[in-house]
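Architecture and fold: a report
Listed below are the residues making up each chain.
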Amino acid sequence: IDTLEAAMADGRVTGGGAVSFDAAGPGSLRLNWRGVETGDVLRAAGVKLPLRLASRLDGRVQASWTARRAGALAFDLSNSAAAVGRPGALGLGGQTSLKVGDGAWRFEHAGTAGSTSVVCNTRGQLDAGSLAKSPLDGTLRLAAPDVGRAIAELSSAGLPLGQASSVDLGGEAAIDVR
């Protein structure tokens, strides 16, 4: 495929690639996107979340492989999300990257989900026998300057929080996961 062009609502996706007819052969893929809505991407991928998200995405991905196995993949994705103010949806913003190569991977994200700051840095090695058994290491930090506002944003976006959505919580909270 030399050229691929697609429109998704107000956004645009372009790219191309090459795939070997030999099932074990080499290949490559490149895609660029601009102004693509998060909801459009999730729907196209068949992903259903328990809440509504609102952001516009700009980014790119380049991938190549010499064979169809984890250690033969080189993958580089970068994405920038701009939160969209839409009633009843959680605005997402920030920078994301995912790199895979030489049997290792690294994921980094710094951004916001509504008024909550989200920073994630993880990495690991790919287990060729079972990707689910691949070891990982990293950190995740969530920081909400106003817990009550964060809960209201999640509830308004459709996350079923039950009685937690009616609890009057004030103050800030930070969660670090290592």
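Worth saying up front: this structure is predicted, and the values here are computed from it rather than measured. (Residues numbered from 1 in each chain as written. Predicted model: local features only at pLDDT ≥ 70, side-chain atom pairs only at ≥ 80, totals over all residues. Heavy atoms only, no water.)

A word on the layout of surface pockets
Empty space within the largest pocket amounts to approximately 750 Å³. Along the walls of the largest pocket sit 31 residues, with Leu92, His109, Thr112, Ala113 and Val118 positioned nearest its centre. It is helix H2 (residues 147-156) that provides the largest number of residues to the lining of the largest pocket, a total of five residues. For the lining of the largest pocket, a count of residues per class yields 23 nonpolar, seven polar and one charged. Of the volumes computed, that of the second largest pocket is approximately 250 Å³. Along its surface, the second largest pocket is lined by 13 residues, and Gly39, Leu42, Arg43, Arg52 and Leu53 are the ones closest to its centre. With four residues, helix H1 (residues 38-44) is the largest single contributor of residues to the lining of the second largest pocket. Of the residues contributing to the lining of the second largest pocket, the split by class is six nonpolar, one polar and six charged. (1 Å grid on protein atoms, 1.4 Å probe; cavity = no way out; pocket = protein on both sides within 12 Å on 5 of 7 lines; lining within 4 Å. Points joined across faces, edges and corners; volume = space filled by probe spheres on them. Helix = DSSP H or I, 4+ residues; strand = E, 2+ residues; numbered from the N terminus. Nonpolar A, V, L, I, M, F, W, Y, C, P; charged D, E, K, R; others polar.)

Details of the pairing of strand E5 (residues 73-83)
Here eleven bridges tie strand E4 (residues 53-65) to E5, and the two strands are oriented antiparallel to one another. The residue bridging Ser64 from the neighbouring strand is Ala74, located in E5. In this sheet, strand E6 (residues 90-101) lies alongside E5 in antiparallel orientation, the contact comprising seven bridges. Bridge pairing in E6 places Ser80 opposite Gln95. (Pairing = 2+ DSSP bridges.)

Some remarks on the pairing of strand E3 (residues 27-37)
Examined bridge by bridge, strand E2 (residues 11-19) and E3 share eight bridges and lie antiparallel to one another. Looking at the pairing, Gly17 lines up with Leu29 of E3. In this sheet, E4 lies alongside E3 in antiparallel orientation, the contact comprising nine bridges. What sits directly across from Gly27, in E4, is Trp65.

Regarding the side chain of Ser55
With respect to the element layout, Ser55 can be found in strand E4. Here Thr38 takes part through its side chain, which lies 2.3 Å from a polar atom of the side chain of Ser55. (Polar contact = N/O pair within 3.5 Å; in protein donor to acceptor, adjacent residues only side chain to side chain.)

Quick word on the side chain of Asn79
Tracing the backbone through its elements, the reader meets Asn79 in strand E5. Separated by 2.7 Å, the side chains of Asn79 and Trp33 make a polar contact. When neighbours within four sequence positions are excluded, Asn79 is seen to be in contact with Trp33, Leu57, Asp58, Gly59, Gly94, Gln95 and Thr96. (Contact = heavy atoms within 4.5 Å.)

Examining unusual backbone geometry
The residue Asp102 is not glycine, and still its phi comes out positive at about 55 degrees. In this fold, Asp102 is placed in the loop between E6 and strand E7 (104-113). A relative accessible area of 77% places Asp102 in the exposed class. (Buried < 20%, exposed > 50% of the residue type's maximum accessible area, 1.4 Å probe, protein only.)

Take it as geometry only, folks, not as evidence of what the structure does.
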